[in-house]
Amino acid sequence: MTSTESAALAEPAGPHAKYLRRRSLEPGAPPALVPARMLNEVTYCERLMYLEWVQSEFEDNEFTVEGRAVHRRADQPRPLKKADPKRPPGPPDRAAADQGEEDEGEDEAPPPSTPPPYTARAVWLSSERLGITAKIDVVDVEGGTVVPVEYKRGKRPSVPEGAYLPERVQLCAQVLVLRDHGFRCEEGHLYFAADRQRVPIAIDEPLVEATLAAVVRARALVELGAIPPPLADSPKCNGCSLVAICLPDEVNLLRDGAREEPPAPPTFMEQLEHHDVEELGDDPWGLGPLQPAPEPREDGDRELRRLHPARDDRVPLYVKEQGAYVGLKGERLEVRRKDQRVVEARLSNTSQVCLFGNVQLTTQALRALLERGIPVSFFSLGGWFIGRAVAHDSRNVELRVAQHAAASDPALCLRLARGFVQSKILNSRTLLRRNSREPNAVALGELNQLARKALEAEELASLLGIEGTAARTYFGQFNSMLTERARVDEQLLLAGRNRRPPRDPLNAMLSYTYSLLSKDLTLAVVTAGLDPLLGFYHQPRFGRPALALDLMEEFRPLIADSVVLGAVNNEIVGRRDFVETAAGVNMSATARRDLALAYERRMDQLVTHPIFGYRISYRRVLEVQARLLGRVLTGEITEYPPFRTR
Amino acid sequence: MRQTYIVAYDICDPKRLRKVFKLMRGWGDHLQLSVFQCELNPRELVELRAGLGQLLHHDEDQVLFVNVGPVEGRGATSITALGRPYTHPERHAIVA
Ligand code: SF4
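Please read all numbers here as calculations on a predicted model, not as lab measurements.

The next subject is the overall build of chain A. Tallying secondary structure elements over chain A gives 22 helices and 18 strands in all. By the burial criterion, 54% of the 646 residues in chain A qualify as buried. Total accessible area on chain A stands at roughly 29400 Å², and carbon and sulfur atoms take up 52% of it.

Okay, structure coming up:
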């Protein structure tokens, strides 16, 4: 294998990746060495391997965090281990953890002429012949024989083979690499941290075959450059750390709904004759209780399993206090003002930090935030979203290439833009229909018609016109959604939409909440691995987050407008909170705070997803929608599923 | 789902005690001497336990975890106090 070939591996390919392949992958160039861990993944789920390896997606859940802690312990060098000569090598259930301590006391001289047994930790070996590279936690060396030990979180499963196939394949790969380097290696051990059991795994012919087949399969998938489809209704997804990125059931539903496909060819797992998947039962990987089977809903739609969290339960920190100073104190952020502590927030409980105007943030605090992947957003004092600080851009190059390819495809841009505008019009119509004191049938009908027209628009320019007309109709009716009480004050009423600067209180509030929303969509889009500046409907200019603004269209009425309505109708914010100046109206500091709190409450509210049927918070919806848009761009699903309430 | 935990520790060495206290401050509210109230999801519980595991002397020190129940259920209602008032932590955006 040459170095150019291994360099090609660093450039992943995708369905839109004619562009990529032409540039980098020579035809037939095999991917470089396959890491043993990826052989584990490809045996567990091909899509998981693709996401982790080709798209460099990674996400922690409790299992990965625990797994890392177990490995950390394994990698810590300890004094040379002297194996007990009275004990035969590798008997079952030898407790490795206990052994380390026991052995320290023993001081028997090893038999002469053979080197003393010892333990090597964190061994990294590769075999170009096999095409495998393996990081091995522990290698026990005794006489001429070596035994690799792979540490695993959790308990030893009760299966005759001692462990499930993916783990055994990974271990087998380590054995094969060791053998290829000339070591005598008969078996490998899996050490299960939860019950401290060390389980010897037989390296038999079928396992070697499965391992070599996994190498071939992993390379083939990478070369193919198309993400494998999600598993169907699989219990494996329950414990998968990438489930919120993969969205298995969501993607399957949208794929099935979009086109009738011939049945997929048998997966790698199904091809392994000696390993009958069916026999594994409901929860073969011991990942915990299954979610109850989805109940069919009344309207006949099926409710999907919601495998990812319904809401992000960490909380945002907003700092608006002018002259405040945000510093790091241990594991907490501390907001101070003139040597007075204003408030504290635990880093572990913080989802994002938003700073308005003249607020200082120390380098230590910024670094701690970035290390934990907590985004920091900056706003002008007036609430204009200026920018953000994030640790690293997503490493999913495949997705970004697909986004750029899609943005230069006018037909796709138009198709996406039609959907965004139509959803915005329909969602504002729904808000009007539900909240208007006396719904204006003419306006509602007009919005309906404009929504239909949006879907037929021939070019972006006419779409802009349709959107503008719909906005005039909608905002013309906006005051009808206010309570009698609020409407008494004429100065509060909306006189059409105006901005930069807003000329009346309602416009000021709308601008402010749109700004918060564009911040959250920017963060959602970035989290999904997309470039926020490159949009499909909004054209990139002045560095505005065009893609975030695209996705924002359907959420403007649902989130921002409804927050403003709620704040006014419930008298959280009123006339008293505004001062008129020559340049427009200014909102008081308390109104800004109360509006931000109301906005956050809205984001935290659970809503039924119109397509998937499960309950999910608005904040999580933004991320799910951004990820689904990503799946459209890579060609996995054909239509962007809009978020529309009924 | 987030659960409320009462975490109580008994650490035999003052230097380790300070480290444990500092770590605990990052995960919960200090209720009493050596007692914290933490609201943790499964992943955070693993992280906290792993962090503590690296600080403790496993033969001398001890940390107890008492699961009081889900944050939006028993976890919020089952703690009451005598003497100094106890306020239940609220989960909403912090605006300063
Ligand atoms: S969620 Fe399921 S389909 Fe998706 S990567 Fe994980 S195991 Fe595979």
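On to empty space enclosed by the protein, then. Residues and elements named next belong to chain A. In this structure the tally under the stated criterion is five cavities of 30 Å³ or more. Here the largest cavity is characterised by a volume of approximately 100 Å³. Lining the largest cavity, in full, are Gln55, Glu57, Ile245, Asn396, Leu399, Ala528, Ala626, Arg627, Gly630, Arg631 and Thr634. With four residues, helix 22 (residues 618-633) is the single largest residue contributor to the lining of the largest cavity. Looking at the lining of the largest cavity, its residues break down into four nonpolar, four polar and three charged.

Attention now moves to the packing of aromatic side chains. All names here are of chain A. Counted by the stated rule, this structure contains 14 aromatic pairs over all chains. Ring plane angle 35 degrees and centroid distance 5.8 Å describe the contact between Phe475 and Phe478, whose orientation is recorded as tilted. Of the two residues examined, Phe475 and Phe478, each falls in the buried class. Members of the aromatic cluster, each reached through a chain of ring pairs, are Tyr318, Phe356, Phe379, Phe385 and Tyr512. Seen from the ring of Trp124, Lys135 lies directly overhead, with NZ or CZ sitting 4.4 Å from the centre.

Within a sheet, neighbouring strands are paired by backbone hydrogen bonds and run either parallel or antiparallel to one another. Residue and element names in this part refer to chain A. Here we have four strands laid out as an open sheet, ordered 10-9-8-12, and mixed in their pairing. At either margin of the open sheet sits one strand with a lone partner, and together these are strand 10 (340-346) and strand 12 (360-361). Pairing between strand 8 (residues 325-329) and strand 12: two bridges, direction parallel. In the strand pairing of strand 12, Tyr325 is matched with Gln360. Of the strands in this sheet, strand 8, strand 9 (332-337) and strand 12 touch helix 12 (residues 363-371), which is tilted by about 65 degrees from strand 8.

This part covers the nonpolar core. Residues and elements named next belong to chain A. The biggest cluster of nonpolar side chains holds 94 residues, and the ones touching the most others in it are Leu416, Ile425, Met509, Leu517, Phe555 and Ile559. Of all the elements, helix 18 (residues 505-527) adds the most residues to this core, at 11 residues. For Leu517, the contacting residues outside a window of four places in its chain are Met552, Phe555, Arg556, Ile559, Ala560, Tyr599 and Leu622. Judged by nonpolar contacts, the second largest core, of 51 residues, contains Met49, Leu130, Cys185 and Val215.

We now examine the side chain of Thr522(A). As for its placement among the helices and strands, Thr522(A) is situated in helix 18. Residues within four places of Thr522(A) in sequence aside, it is in contact with Phe385(A), Arg388(A), Pro532(A), Pro545(A) and Ala548(A).

Attention shifts here to the pairing of strand 11 (residues 350-356) of chain A. Residue and element names in this part refer to chain A. Among the seven residues in strand 11, seven count as buried, and that is most of the element. In the sheet, strand 7 (residues 315-319) pairs with strand 11 via four bridges, with the strands oriented parallel. Looking at strand 11, one finds that Tyr318 is bridged to Cys354. Where strand 11 meets strand 13 (residues 376-379), four bridges bridge the pair, whose relative direction is parallel. Looking across to strand 13, one finds that Leu355 is bridged to Phe378.

So, on to the interface of chain B and chain A. In this assembly, 23 residues from chain B lie in contact with 31 residues from chain A. For the chain B face of the interface with chain A, the top three residues by lost area are Ile94(B), Val95(B) and Ala96(B), together amounting to 29%. Seen at the junction of chain B and chain A, the total is two salt bridges. Between Arg346(A) and Asp29(B) there is a salt bridge, with the nearest N and O atoms lying 3.2 Å from each other.

This part is about the environment of Arg627(A). All names here are of chain A. Tracing the sequence through the fold places Arg627 in helix 22. Measuring from C-alpha to C-alpha, the distance between Arg627 and Gly529 comes to 8.2 Å, with 98 residues separating the pair along the chain. Apart from residues no more than four positions distant in its own chain, Arg627 is found in contact with Ala244, Ile245, Leu247, Thr527 and Ala528. One polar contact links the side chain of Arg627 to the main-chain carbonyl oxygen of Ala244, over a distance of 3.4 Å.

Bringing the environment of Leu31(B) into the picture now. Residue and element names in this part refer to chain B. Turning to its location among the elements, Leu31 is positioned in strand 2 (residues 28-32). On the basis of relative accessibility, which here comes to 28%, the residue Leu31 falls in the partly exposed class. The sequence separation of Leu31 and Thr87 amounts to 56 residues, and the corresponding C-alpha distance is 9.8 Å. Setting aside anything within four residues of it in sequence, one finds Leu31 in contact with Ile6, Phe36, Gln37 and Tyr86.

Take the site of the ligand next. All names here are of chain A. The immediate surroundings of the ligand are formed by Cys45, Leu48, Pro230, Leu231, Cys237, Cys240, Val243, Cys246 and Pro248. Among the detected pockets, the ligand sits in the second largest cavity. Broken down by class, the residue content of the shell around the ligand amounts to nine nonpolar, no polar and no charged.

Together, Phe378(A), Trp384(A) and Ile386(A) make up an exposed nonpolar region whose accessible area comes to about 330 Å². By the element assignment, Ile386(A) lies in strand 14 (residues 385-389).

Quick look at helix 4 (residues 46-54) of chain A now. Residues and elements named next belong to chain A. Across the nine residues that make up helix 4, a large majority, nine, are buried. Of the residues making up helix 4, those classed as buried are Glu46, Arg47, Leu48, Met49, Tyr50, Leu51, Glu52, Trp53 and Val54. Following helix 4 by one or two positions, Ser56 has its phi on the positive side, about 50 degrees.

Residues and elements named next belong to chain A. In this model, helix 20 (residues 555-569) (15 residues) spans 20 Å end to end at C-alpha, consistent with the 21 Å of a helix rising 1.5 Å per residue. For helix 20, the principal kink sits at Asp561 and spans about 30 degrees. Burial runs high along helix 20: 14 of the 15 residues are buried. Following helix 20 by one or two positions, Glu571 has its phi on the positive side, about 55 degrees.

All names here are of chain B. The strand order across the open sheet built from four strands is 2-3-1-4, with neighbouring strands paired in antiparallel fashion. Lying at the two open borders of the sheet, with one neighbouring strand each, are strand 2 and strand 4 (62-70). Neighbour-to-neighbour, the strand axes of the sheet open up by a mean angle of 25 degrees, direction not taken into account. Inspection of the sheet shows strand 2 paired to strand 3 (residues 35-40) by four bridges, in the antiparallel sense. The residue of strand 3 that forms the bridge with Asp29 is Gln37. Helix-sheet contacts for helix 1 (residues 14-25) involve strand 1 (3-10), strand 2 and strand 3, and the interaxial angle to strand 1 is about 170 degrees.

Procedures and definitions
- Residues numbered from 1 in each chain as written.
- Chains lettered and ligands numbered in written order.
- Predicted model: local features only at pLDDT ≥ 70, side-chain atom pairs only at ≥ 80, totals over all residues.
- Heavy atoms only, no water.
- Helix = DSSP H or I, 4+ residues; strand = E, 2+ residues; numbered from the N terminus.
- Buried < 20%, exposed > 50% of the residue type's maximum accessible area, 1.4 Å probe, protein only.
- Areas by Shrake-Rupley, 256 points an atom, 1.4 Å probe, with all protein chains shown as cover.
- 1 Å grid on protein atoms, 1.4 Å probe; cavity = no way out; pocket = protein on both sides within 12 Å on 5 of 7 lines; lining within 4 Å.
- Points joined across faces, edges and corners; volume = space filled by probe spheres on them.
- Nonpolar A, V, L, I, M, F, W, Y, C, P; charged D, E, K, R; others polar.
- Phe/Tyr/Trp six-rings, centres within 6.5 Å; stacked < 30°, edge-to-face > 60°.
- Lys NZ or Arg CZ within 6 Å of the ring centre and 35° of its normal.
- Pairing = 2+ DSSP bridges.
- Contact = heavy atoms within 4.5 Å.
- Axes fitted to C-alpha atoms, helices over the stretch in contact; angles between N-to-C directions.
- Core = buried A, V, L, I, M, F, W, Y, C linked by side-chain atoms within 4.5 Å.
- Buried area = accessible area lost by both parts, 1.4 Å probe.
- Salt bridge = Lys/Arg side-chain N within 4 Å of Asp/Glu carboxyl O.
- Polar contact = N/O pair within 3.5 Å; in protein donor to acceptor, adjacent residues only side chain to side chain.
- Near = heavy atom within 4 Å.
- Sits in = over half its atoms within 2 Å of the grid points.
- Patch = residues over 30% accessible without salt bridge, like charges linked within 9 Å, V, L, I, M, F, W, Y side chains within 5 Å.
- Expected span 1.5 Å × (residues − 1).
- Bend = angle between axes of the 7 residues up to and from the residue.

Without other data, these values stay purely geometric and don't point to any function.
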